[in-house]
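Commentary on secondary and tertiary structure
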Amino acid sequence: MNEPAGTAPIRVALADDQAVVRMGLRALIEREPDLEFAGEAADGAGALRLLGEARPDVLLLDVRMPGMDGIETLRAIAADPGLAATRVVVVTTFEVDHYVFAALQAGASGFVLKDSAPEELTRAIRVVASGEALLSPSVTRKVIGLFGRHDAAPVEGIDTLTPREREMVAWVATGRSNDEIAAELVISPETVRTHVSRAMVKLRARDRAQLVVFAVRSGLASP
């Protein structure tokens, strides 16, 4: 992918306890002209120090690390207003386990598998850097299947949503894009985008990943 003239590269940092994984991810980042390697860490504490110093746009974060694991690291990032600009992509060995929903609740913007194709990893970086979330339909279905069966819990602001906005939140929880939702409902993508944006404001959701969490917690995950 060629970097548009005048566009700053996306600065990417990574945190993983396996040196060989860090080496591979760094090589992948450095070969892309629109990405810039911003540093690496071997654990959560190191990741927090790195974020404070380098201020990357995106952090690729392993969930299972010794000491401060990825979930604790995500919570620490979410609690620090100074780190709010960094988007986090969880890089995991497992497609869906109990860490995934916890990671979404803690503020992850999405996740990818460590054995994903290189183009999938770089796409994940670009997607979250643009302000979107990366959640595939298969993953969201499994998350809902694992956690949506529990009793629904109140979500602050959910009662302020209009019926259409509640419907859009439920559709977002299926992992579909605005264009795909629009096609299903035979409405314009702009209409979907408007309702989703309003729902995000009312629920104070950082991105679509948080909308999925809210949909599951509030029982809206079945459009």
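Heads up: these notes are all about the structure in this document. (Residues numbered from 1 in each chain as written. Predicted model: local features only at pLDDT ≥ 70, side-chain atom pairs only at ≥ 80, totals over all residues. Heavy atoms only, no water.)

**Section: the environment of Met200**
Along the chain, Met200 falls in helix α9 (residues 189–203). Assessed through its relative accessible area of 17%, Met200 is described here as buried. In this structure the C-alpha to C-alpha distance between Met200 and Leu161, which are 39 residues apart in sequence, comes to 9.8 Å. Apart from the residues within four sequence positions on either side, Met200 is in contact with Ala205, Arg206, Asp207, Arg208 and Leu211. (Helix = DSSP H or I, 4+ residues; strand = E, 2+ residues; numbered from the N terminus. Buried < 20%, exposed > 50% of the residue type's maximum accessible area, 1.4 Å probe, protein only. Contact = heavy atoms within 4.5 Å.)

**Describing the nonpolar core**
With 51 residues, the main nonpolar core has Leu59, Leu74 and Leu211 as its most contacted residues. Among the elements that line this core, the one with the most residues is helix α10 (residues 208–218), at 7 residues. Sequence-distant contacts of Leu74, defined by excluding residues within four places in its chain, comprise Leu61, Val88, Val90, Ala103, Ala106, Gly107 and Ala108. Counting residues in hydrophobic clusters, the runner-up holds 20 residues, among them Ile10, Val91, Val112 and Leu121. (Core = buried A, V, L, I, M, F, W, Y, C linked by side-chain atoms within 4.5 Å.)

**Remarks on the sheet that holds strand β3 (residues 58–62)**
As summarised here, the arrangement of the 5 strands in space is β2-β1-β3-β4-β5, forming an open sheet in which the pairing is parallel. Single-partner strands in this sheet number two, and they are β2 (35–41) and β5 (110–113). Across the sheet, the mean angle from the axis of one strand to that of its neighbour is 25°, orientation sign disregarded. Of the strand pairs in this sheet, strand β1 (residues 10–15) and β2 are connected by 5 bridges, and their pairing is parallel. Note on β2: the bridge partner recorded for Ile10 is Leu35. Together, β1, β2 and β3 form the strand contacts of helix α1 (residues 19–30), whose direction differs from that of β2 by roughly 160°. (Pairing = 2+ DSSP bridges. Axes fitted to C-alpha atoms, helices over the stretch in contact; angles between N-to-C directions.)

**A word on the packing of helix α7 (residues 163–172) against α9**
Between two packed helices, what matters for the description is the angle formed by their axes and the separation of those axes. Where α7 contacts α9, the axes come no closer than 9 Å and their chain directions differ by 95°. Judged by the inter-axis angle, α7 sits roughly perpendicular to α9. When α7 is examined against α9, the residues Arg164, Glu165, Met168, Val169 and Val172 are found in contact with a partner set consisting of Val192, His195, Val196, Arg198, Ala199 and Lys202. Across the contact of α7 with α9, the residue classes break down as 6 nonpolar, 1 polar and 4 charged. (Parallel < 35°, antiparallel > 145°, perpendicular 65-115°, else oblique. Nonpolar A, V, L, I, M, F, W, Y, C, P; charged D, E, K, R; others polar.)

**As for unusual backbone geometry**
Even without a glycine there, the phi angle at Arg55 is positive, about 50°. Relative to the elements of secondary structure, Arg55 occurs in the loop between α2 (44–54) and β3. You can call Arg55 partly exposed: its relative accessible area is 45%. Positive phi values are uncommon outside glycine, yet Val186 reaches one of about 55°. You can see Val186 is positioned in the loop between α8 (178–185) and α9. Overall, the relative accessible area of 73% leaves Val186 in the exposed class.

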